[in-house]
Amino acid sequence: MRIVLCGFGVVGQSLVKLFDSRSEDLYVKYGLKPRIVGVVDSKGSAVDPSGLEFNKLVEVKKKFGTVKNYANTKNAMSGIDILKNIEADVLIETTASNYKDAEPGMTHITTAMKKGLHVISVNKGPLALAFPSLMELATYNQVMLKFSGTVGGGTPILDYAKNSLSGERITAFSGILNGTTNYILSNMSTGLSFDEALKDAKDRGYVEADESLDLDGLDAAAKLVILANWIMGMKVTMPDINCTGIRKVSTEDIKKAAKNNCSVKLIASCNKELVVGPKEVSNDDPLCVNGTLNAIAFTSEHSGTQTIIGRGAGGMETASSILRDLLDIRQEIAKT
Ligand SMILES: NC(=O)c1ccc[n+]([C@@H]2O[C@H](COP(=O)([O-])OP(=O)(O)OC[C@H]3O[C@@H](n4cnc5c(N)ncnc54)[C@H](OP(=O)(O)O)[C@@H]3O)[C@@H](O)[C@H]2O)c1
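Quick caveat, the model's predicted, so the values are computed rather than measured.

The rules behind these values
- Residues numbered from 1 in each chain as written.
- Predicted model: local features only at pLDDT ≥ 70, side-chain atom pairs only at ≥ 80, totals over all residues.
- Domains from an automatic or database assignment.
- Contact = placed C-beta atoms within 7 Å.
- Helix = DSSP H or I, 4+ residues; strand = E, 2+ residues; numbered from the N terminus.
- Nonpolar A, V, L, I, M, F, W, Y, C, P; charged D, E, K, R; others polar.
- Near = placed C-beta within 6 Å.
- Pairing = 2+ DSSP bridges.
- Axes fitted to C-alpha atoms, helices over the stretch in contact; angles between N-to-C directions.
- Parallel < 35°, antiparallel > 145°, perpendicular 65-115°, else oblique.
- Left-handed = near helix turned anticlockwise from the far one by under 90°.

## Here's the deal with the domain arrangement of the protein
- Segmenting the protein into domains produces domain 1 (2–154 + 315–335) and domain 2 (157–311).
- Taking only C-alpha atoms into account, the centre of domain 1 sits 28 Å from that of domain 2.
- Between domain 1 and domain 2, the contact holds 17 residues from the first and 17 residues from the second.
- No other element matches the seven residues that helix α5 (residues 124–140) contributes to the side of domain 1 that touches domain 2.
- Grouping the constituent residues of the side of domain 1 that touches domain 2 by class yields nine nonpolar, six polar and two charged.

## Some remarks on the site of the ligand
- Lining the immediate environment of the ligand, one finds 28 residues, of which G7, G9, V11, S42 and A313 sit closest.
- At the level of secondary structure, the elements contributing two or more residues to the shell around the ligand comprise α1 (10–30), β2 (35–41) and α12 (315–335).
- Considered class by class, the residues forming the shell around the ligand number nine nonpolar, 16 polar and three charged.

## Concerning the sheet that holds strand β9 (residues 262–271)
- Judged by pairing direction, the sheet is mixed, and its six strands sit side by side in the order β8-β10-β9-β7-β11-β12 without closing on themselves. Every interior strand has two partners, whereas the edge strands, β8 (242–243) and β12 (304–311), have only one.
- The pairing of β9 with strand β10 (residues 273–282) spans 10 bridges and is antiparallel. Note on β10: the bridge partner recorded for V264 is E280.
- Of the strands in this sheet, β7 (170–176), β8, β9 and β10 touch helix α10 (residues 218–232), which is tilted by about 40 degrees from β9.

## Some points on the pairing of β12
- Note: strand β11 (residues 293–300) against β12, eight bridges, orientation antiparallel. Counterpart to I296 in the pairing with β12 is I308.
- The turn joining β11 and β12, which pair antiparallel and follow one another in sequence, is formed by three residues.

## Details of the sheet that holds strand β1 (residues 2–6)
- A sheet is described by the order of its strands in space; here six strands give the open sequence β3-β2-β1-β4-β5-β6, paired in mixed fashion. Strand pairing shows two members of the sheet lacking a second neighbour, β3 (44–47) and β6 (145–146), which therefore form its edges.
- The pairing of strand β4 (residues 90–93) with strand β5 (residues 118–121) spans four bridges and is classified as parallel. By the bridge assignment, L91 is partnered in β5 with V119.
- Here helix α4 (residues 105–114) sits on the sheet in contact with β1, β4 and β5, set at roughly 170 degrees to β4.

## As for the packing of α5 against α10
- Look at α5 against α10: their axes get within 9 Å of each other, and the N-to-C directions meet at 45 degrees. Comparing the axis directions of α5 and α10 gives the class oblique. As for the relative orientation of α5 and α10, their crossing is left-handed in sense. Across from K124, L127, A128, F131 and P132 in α5, the residues of α10 making contact are A222, K223, V225, I226 and N229.

Laid out in C-alpha cells, this is it:
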C-alpha cells in the first residue's frame, strides 16, 4: 500500500514507529505492506517512490527537525506537489488542526481525493468545517474517507457507535471529548484555581499550542460535529454548535457542584440541539471520569444508555487508530 504522509509530528512519527515495529506481523496477519512514498512537514519533504526507510525518517527528523534532509538533495516538494506527482494509494493527513480555514489539511485531502487516493485524516479541521461536502467528494471520486482517530484517539468511539450499535437507533449522546479541559476541571475540584490548574496542564504538555482550541471548547465542538454527521446523519459544521468553554468556571462553581454530589465537566451533547458547555454531572454517573480521560454515553432506542471510557489522545493511541483505518481500507480494496 503506497502512502503519502502529510505532517510528521507526534502522531506521524508514532505511526512510522508503529509500522516499523509491526512490519512483519502486519504482512503475515493482514497482507499489509505499508510503503511510505512521501512525507511532508512544515519545512520540506522526503520522497522515494520505492519506499522511504521508517527508521531513517525518524532519525533524520530528530537530528535536523525536518524530513527534508532525508536525501542529499533536499526536497522542496510540497504536500500538494507530492500528491499530484507521485503515484500513491492512500493519504494519511496528520497536520495540525485549525478551525479558521482548515489548511493545509483541507487542500491535501481534496487534492488526494480528486486524484483517486483514499484518505485517512486525524486532522479534525477539514471535517469540522466541511464534513458533508468532503463526504460527497469522497463518494463522487469513489474513494474512502476514514477518520477514526479524530474522536477518542485510540478509543474506538466512532466504530462502536457505527458498527457495534448498527441496527439500533441512537437517539442522543453526550460526552467528555477533550482530555485537557477535563484534567483542568478535575484539578480544580481538588482545590486548585483555574490559573493554577491551567499552568499545571501546560507544564505537562497537555494544552494545545493555541490554548483557545481546548479552553474555548473548539476541540470538543469539532468532535461533536464529526459525531453528529457520522452517527446521527446530520449535515452540520462548526457554526451549528452552541459552544461555551471553561474559562468562566470558578472555584465557587466547583464547590457548589460538590455539595450536590456532582462535578463540573465540559460536556458535548447531541439531544435536539448540539451544545458544548460546562455542566454539573453526578459523581455516580459513569460519564463522570477524571484526569485526561474521555467518556461518551450513547442512548439508543432499545439498548438503553452505554458509556465508553478511554484515553482520548496520545501519539501511539492515535497511530493505532490510523492503522485500524488502513486495515479497513485494505480489506475493502481486497473485496473489489
Ligand atoms: N496528538 C494527539 O494525541 C492527537 C490525537 C487525535 C488527533 N490529533 C490530531 O492529529 C494531528 C496531528 O497531531 P500531532 O500531535 O502530531 O501534532 P504536531 O506534533 O503539532 O504535528 C503536526 C505536524 O504538521 C506539520 N505541519 C504544519 N504545517 C504544515 C504545512 N503547512 N505543511 C506540511 N506539514 C505541516 C508539522 O510540521 P513540523 O514538524 O515541521 O512542525 C508537524 O509535523 C492534529 O490535527 C491533531 O489535532 C492528535
